[in-house]
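Structure assessment
Chain by chain, the residues:
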Amino acid sequence: MEINKHIFLIGFMGCGKTSVSRELSAQTGINAFDTDELIAESEQMSISEIFRVKGEPYFREKETGLLASMKGQEPLIVSCGGGIALAPRNRELMHESGVTVLLTAEPETILERLKDDDSRPLLAGRKNVPHISSLIDARRPAYEEAADIIIKTDGISPSEISREITELISQL
Ligand code: S3P
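The sections below set out a description of the structure shown in this document.

Around the ligand, a shell composed of 14 residues is seen, among which Lys17, Asp36, Arg60, Arg120 and Arg139 lie nearest. At 2.4 Å from an oxygen atom of the ligand is found a side-chain nitrogen or oxygen belonging to Lys17. The fraction of the free accessible surface of the ligand (380 Å²) that becomes covered by protein chains is 96%. At the level of elements, helix 3 (47-54) and helix 4 (56-69) are the ones that each hand at least two residues to the shell around the ligand. Tallied by class, residues from the shell around the ligand come to six nonpolar, three polar and five charged.

Residues Ile7, Phe12, Met94 and Ile165 are the most contacted members of the largest nonpolar core, which totals 49 residues. By residue number, the principal contributor to this core is helix 7 (residues 129-146), which donates five residues. Once residues within four sequence positions are removed from consideration, Ile7 is found in contact with Leu24, Leu76, Ile77, Val78, Val99, Val101 and Ile169.

Position of Thr109 relative to the elements: it lies in helix 6 (residues 107-114). Among the polar contacts made by the side chain of Thr109, one reaches the side chain of Asp154 at a distance of 2.4 Å.

With respect to topology, five strands assemble into an open sheet ordered 2-3-1-4-5, the strand pairing being parallel. With partners counted over all chains shown, the strands left at the sheet margins are strand 2 (32-34) and strand 5 (149-152), one partner each. With direction set aside, neighbouring strand axes in the sheet form an average angle of 20 degrees. Examined bridge by bridge, strand 4 (residues 98-104) and strand 5 share four bridges and lie parallel to one another. Residue pairing across strands places Val101 opposite Ile149, the latter belonging to strand 5. Relative to strand 2, helix 2 (residues 35-43) is tilted by about 65 degrees, and along the sheet it contacts strand 2 and strand 3 (77-79). Running at roughly 155 degrees to strand 5, helix 8 (residues 158-171) makes contact with strand 1 (6-10), strand 4 and strand 5 of the sheet.

This next bit is on the side chain of Thr100. Summarising the element assignment, Thr100 is placed in strand 4. Setting aside residues no more than four positions away along its own chain, Thr100 makes contact with Phe8, Ile10, Met94, Ala146, Ala147, Asp148 and Ile149.

Reading the values: rules and limits
- Residues numbered from 1 in each chain as written.
- Predicted model: local features only at pLDDT ≥ 70, side-chain atom pairs only at ≥ 80, totals over all residues.
- Heavy atoms only, no water.
- Near = heavy atom within 4 Å.
- Polar contact = N/O pair within 3.5 Å; in protein donor to acceptor, adjacent residues only side chain to side chain.
- Areas by Shrake-Rupley, 256 points an atom, 1.4 Å probe, with all protein chains shown as cover.
- Helix = DSSP H or I, 4+ residues; strand = E, 2+ residues; numbered from the N terminus.
- Nonpolar A, V, L, I, M, F, W, Y, C, P; charged D, E, K, R; others polar.
- Core = buried A, V, L, I, M, F, W, Y, C linked by side-chain atoms within 4.5 Å.
- Buried < 20%, exposed > 50% of the residue type's maximum accessible area, 1.4 Å probe, protein only.
- Contact = heavy atoms within 4.5 Å.
- Pairing = 2+ DSSP bridges.
- Axes fitted to C-alpha atoms, helices over the stretch in contact; angles between N-to-C directions.

Laid out in structure tokens, this is it:
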């Protein structure tokens, strides 16, 4: 299948964006990258350090700059940081240059996937189902507004999710 736009993978931390983007890249031959990785690399700091030293608004500006810089580039698969879809400008940029796929997962699934991972500043000291659940509820309207396609990931492997995405994109 010919894909001539960017594919943006969005959704809460731990919903599988990075692993799905790798599968999608392998299945389509389109290059994939991760916004967090690129920002951490260009700042020479981990995401937690950027939040601590430069502050979250600085990080959010970098995310918007990155999305803006992708306009007109060859199609890419973009695994987006979990907060990207919250800013209206970012949603606009994604709509202009690609198709946006929202991956969802139950709070229990997310907790299970992230329980040994301390790289998320927004969950530091609050890695529990009620907190994850309330953050997801607060973000849901923005996530859904951004999404062209929504996929529930609980119990489904990244390669199956990836196949479902290509199938659904071909029907758009
Ligand atoms: C964030 C999600 C993280 C990272 C940062 C903030 C968020 O990315 O961008 O910690 O606001 O949800 P992942 O979704 O890749 O974990």
